[in-house]
Each structure stands twice: as C-alpha cells, then as structure tokens.
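# Close look at the chain arrangement
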Amino acid sequence: MTTAVDDRLWSAIGDPTRRRMLDLLLAAGEGTATGLSERLPVTRQAVAKHLGVLDRAGLVHATATGRERRYRVDEAQLARAVAQLSSVGAAWDARLRRIKSIAEAIQRVQDQQSGQQ
C-alpha cells in the first residue's frame, strides 16, 4: 500500500525547531507561543510563525483562551505523517535492495571477466 506524500506536511515537519515544538506540545498536552518560547532558543514571534506553519499543515490546532491561543497537536494528522514516513521508508528500502542487486550482478560479471583473463 502506497501512501501519498503531503509536501506541506513534510515541509512543516522538516524544520528542527518545529519538530521540537511538536515534542513539547505532545509532552505537555498543549501550550502557548509564550510558553514554548521559554523552552526554545527562539523568540516568541518566531514561535508564533512556526505555529502558523504547523497549523496550516494541520499538525496543531489553536483554541483562544483569553488573550492567548493554546495549541494542541492533531494526533490524527501526526499519525498520517508517521504513515507517510513508513511508506517512504519502505519505498527507499526497496530501491536500495534493487541497487544492491544490480551492483552485485555487475561485480559478478567483472569477477568472471577477470577470472577468464
């Protein structure tokens, strides 16, 4: 079974700061831009921008609480990302097995040719 790759999702996850933010949100259950900025080496404004990217990718959802927005990870979308990663990993494993098989066949031919000389 092949899972289609969502480029927006992977672009969002591709950034190390955003992955760390997801880790923090998963561990705490939820968080705010202010709270996350206290735990990351970036400004609150940078955290807010990263949260916007994660939100557009569907990885987090915000709820207004007074003047702040509280963010939670969308576990279904995260599970979708994991499924995509597994699918991509399996496809690359198959490609690498084919490359290895071709390289071994080439090596056998070269060994046979050098043995005949």
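This text goes with the structure placed above it.
As a starting point, this report considers the structure included with it. (Residues numbered from 1 in each chain as written. Predicted model: local features only at pLDDT ≥ 70, side-chain atom pairs only at ≥ 80, totals over all residues. Heavy atoms only, no water.)

### Comments concerning the overall build of the chain
Rules: Starting at the N terminus, helices and strands are each numbered in turn, a helix being any DSSP run of H or I of at least four residues and a strand any DSSP run of E of at least two. Restricting the calculation to C-alpha atoms gives the radius of gyration, and the globule rule supplies 2.2 Å times the number of residues raised to the power 0.38. Classification of residues uses two cut-offs on accessible area relative to the type maximum, computed with a 1.4 Å probe and protein chains only: under 20% is buried, over 50% is exposed, and between them is partly exposed. Contacts between residues were defined by any pair of non-hydrogen atoms, one from each residue, lying within 4.5 Å. Here, Shrake-Rupley sampling with a 1.4 Å probe gives the accessible areas, and only protein chains in the shown set may cover a residue. For the charge count, each Lys or Arg is scored as positive and each Asp or Glu as negative, with His and the chain ends excluded. Taken as the charge location is NZ of Lys, CZ of Arg, CG of Asp or CD of Glu.
Across its full length, the chain holds five helices and two strands. Order of helices (α) and strands (β) in the chain, N terminus to C terminus: α-α-α-α-β-β-α. Expected size for 117 residues packed as a compact globule is a radius of gyration near 13 Å; at 22 Å, the chain overshoots this value by more than 25%. Dimensions of the chain, computed from the C-alpha atoms along their principal axes, are close to 80 × 30 × 20 Å. Residues counted as buried form 26% of the 117 residues belonging to the chain. The long-range share in the chain, meaning contacts at least 24 apart out of those at least 6 apart in sequence, stands at 56%. For the chain, the accessible surface area stands at approximately 8,000 Å², while carbon and sulfur atoms represent 53% of it. Distance from the positive charge centre (18 side chains) to the negative charge centre (13 side chains) of the chain: 3 Å.

### Comments concerning the pattern of salt bridges
Here is the rule: Salt bridges, as used here, are contacts in which a Lys or Arg side-chain nitrogen is within 4 Å of a carboxyl oxygen on Asp or Glu.
Under the definition given, this model contains three salt bridges. With its nearest N and O atoms 3.6 Å apart, the salt bridge here joins Arg72 to Glu30. Remark: Glu30 occurs in the loop between α2 (16–28) and α3 (33–37) and Arg72 occurs in strand β2 (residues 68–73); sequence separation between them is 42 residues. Note that Glu104 is salt-bridged to Lys100, the shortest N-O span being 3.7 Å. Placement of the pair is Glu104 and Lys100 together in helix α5 (residues 75–116), with a separation of four residues, close to one helical turn. Residue Glu104 is classed as partly exposed on the basis of its relative accessible area, which comes to 38%.

### Regarding the pairing of strand β1 (residues 60–65)
The condition is simple: At least two bridges found by DSSP between two strands is the condition for calling them paired.
By the bridge criterion, six bridges tie β1 to β2 in an arrangement that is antiparallel. Each residue of the ladder has a partner; that of Thr63, found in β2, is Arg70. Between the antiparallel neighbours β1 and β2 lie two residues, among them Gly66 with a positive phi of about 65 degrees.

### Describing the environment of Ile13
Structurally, Ile13 can be placed in helix α1 (residues 7–13). In this structure, the C-alpha to C-alpha distance between Ile13 and Leu59, residues 46 residues apart in sequence, is 8.9 Å. If we ignore the near neighbours within four places in the chain, the residues touching Ile13 are Arg19, Leu59 and Ala81.

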